[in-house]
Amino acid sequence: MSKVLIHIHSGPDLKNKTTLGMLVALTAFKKGDEVNIFLAADGTHLLNVKSEGEVVGQGTGDLKTHLDALKANNIKLYVSGMSAKARGYDDSLLNGFNAEFSMPDKLLELSIESNSVLCY
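Residues numbered from 1 in each chain as written. Predicted model: local features only at pLDDT ≥ 70, side-chain atom pairs only at ≥ 80, totals over all residues. Heavy atoms only, no water.

Colleague: I tried to follow the nonpolar core on my own but got confused; where do I start?
Modeller: A general feature of soluble globular proteins is that nonpolar side chains tend to end up buried together. Counting residues in hydrophobic clusters, the biggest one holds 27 residues, and the most contacted among them are Met 22, Ile 37, Leu 39, Leu 47, Leu 67 and Leu 70. For this core, the elements supplying multiple residues, two or more each, are β1 (3-8), α1 (15-31), β2 (34-39), α2 (63-72) and β5 (76-80). Looking at which element gives the most residues to this core, the answer is α1, with four residues. When residues no more than four places from it in sequence are discounted, the contact partners of Ile 37 are Leu 5, Ile 6, Met 22, Ala 25, Leu 70, Ile 75, Lys 76, Leu 77 and Tyr 78. Leu 5, Phe 38, Leu 107 and Leu 110 belong to the second-largest nonpolar core, a separate cluster that totals six residues. (Core = buried A, V, L, I, M, F, W, Y, C linked by side-chain atoms within 4.5 Å. Buried < 20%, exposed > 50% of the residue type's maximum accessible area, 1.4 Å probe, protein only. Helix = DSSP H or I, 4+ residues; strand = E, 2+ residues; numbered from the N terminus. Contact = heavy atoms within 4.5 Å.)

Colleague: What am I meant to see in α1 here?
Modeller: Structural remark: α-helix, 3.6 residues per turn; residues separated by three or four positions point the same way. Along its 17 residues, α1 runs 24 Å from first to last C-alpha, staying within 8% of the 24 Å computed at 1.5 Å per residue. Where α1 is concerned, the buried positions are Thr 18, Thr 19, Gly 21, Met 22, Ala 25, Leu 26 and Ala 28. Check the buried side of α1 and you find it contacts β1, β2, β3 (56-57), β4 (61-62) and α2. (Expected span 1.5 Å × (residues − 1).)

Colleague: What should I look at first to understand the packing of α1 against α2 in this one?
Modeller: The packing of two helices is summarised by the inter-axis angle and the distance between the axes. For the pair α1 and α2, the least separation of the axes is 10 Å and the interaxial angle reads 30°. You can see that α1 and α2 cross each other, and the crossing is left-handed. Counting all contacts with α1, which are made through Thr 19, Met 22, Leu 23 and Leu 26, the residues of α2 involved are Leu 63, His 66, Leu 67, Ala 69 and Leu 70. Taken together, the residues of the contact of α1 with α2 break down into seven nonpolar, two polar and no charged. (Axes fitted to C-alpha atoms, helices over the stretch in contact; angles between N-to-C directions. Left-handed = near helix turned anticlockwise from the far one by under 90°. Nonpolar A, V, L, I, M, F, W, Y, C, P; charged D, E, K, R; others polar.)

Colleague: Can you walk me through the packing of aromatic side chains in this structure?
Modeller: A ring pair, where both rings are aromatic, is described by two values, the distance of the centres and the angle of the planes. Applying the stated rule across the entire model yields zero aromatic pairs. Directly above the ring of Phe 97 sits Lys 71, whose terminal nitrogen or CZ lies 4.7 Å from the centroid. For Lys 76, the ring lying beneath its charged end belongs to Tyr 78, and the centroid distance is 5.2 Å. (Phe/Tyr/Trp six-rings, centres within 6.5 Å; stacked < 30°, edge-to-face > 60°. Lys NZ or Arg CZ within 6 Å of the ring centre and 35° of its normal.)

Colleague: For this particular structure, what's the right way to read the side chain of Ser 10?
Modeller: Inspection of the secondary structure puts Ser 10 in the loop between β1 and α1. Overall, Ser 10 belongs to the buried group, its relative accessible area being 4%. A distance of 3.4 Å separates a polar side-chain atom of Ser 10 from the backbone oxygen of Tyr 120. Ignoring anything within four residues of it in the chain, the contact list for Ser 10 reads Lys 17, Thr 18, Asp 42, Gly 43, Leu 46 and Tyr 120. (Polar contact = N/O pair within 3.5 Å; in protein donor to acceptor, adjacent residues only side chain to side chain.)

Below, the structure written as structure tokens:
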């Protein structure tokens, strides 16, 4: 089993990038890897997607479906607190997710501890 960090800093406007990042995270989880996801910059907007069809990648799935799978499997999410605050989000952004606001030091810690770091 590997430890994988998926760092997503792209927003919903980059549909293929964001959905691919989530798809890879879920694929690693299904393989039995330990998965952490860190959302920063415009990636914080991803947790604000509320309906299917809103963000759909070409061959990489629907973001809302991926988010529901993250919730169902209790996959850990770290969200840049500074990025979220700068974009007008509060604690309600994390509702329903196994998530917490984190600072850059957490991103560094997760990166160092992981066998693989993938950025989208």
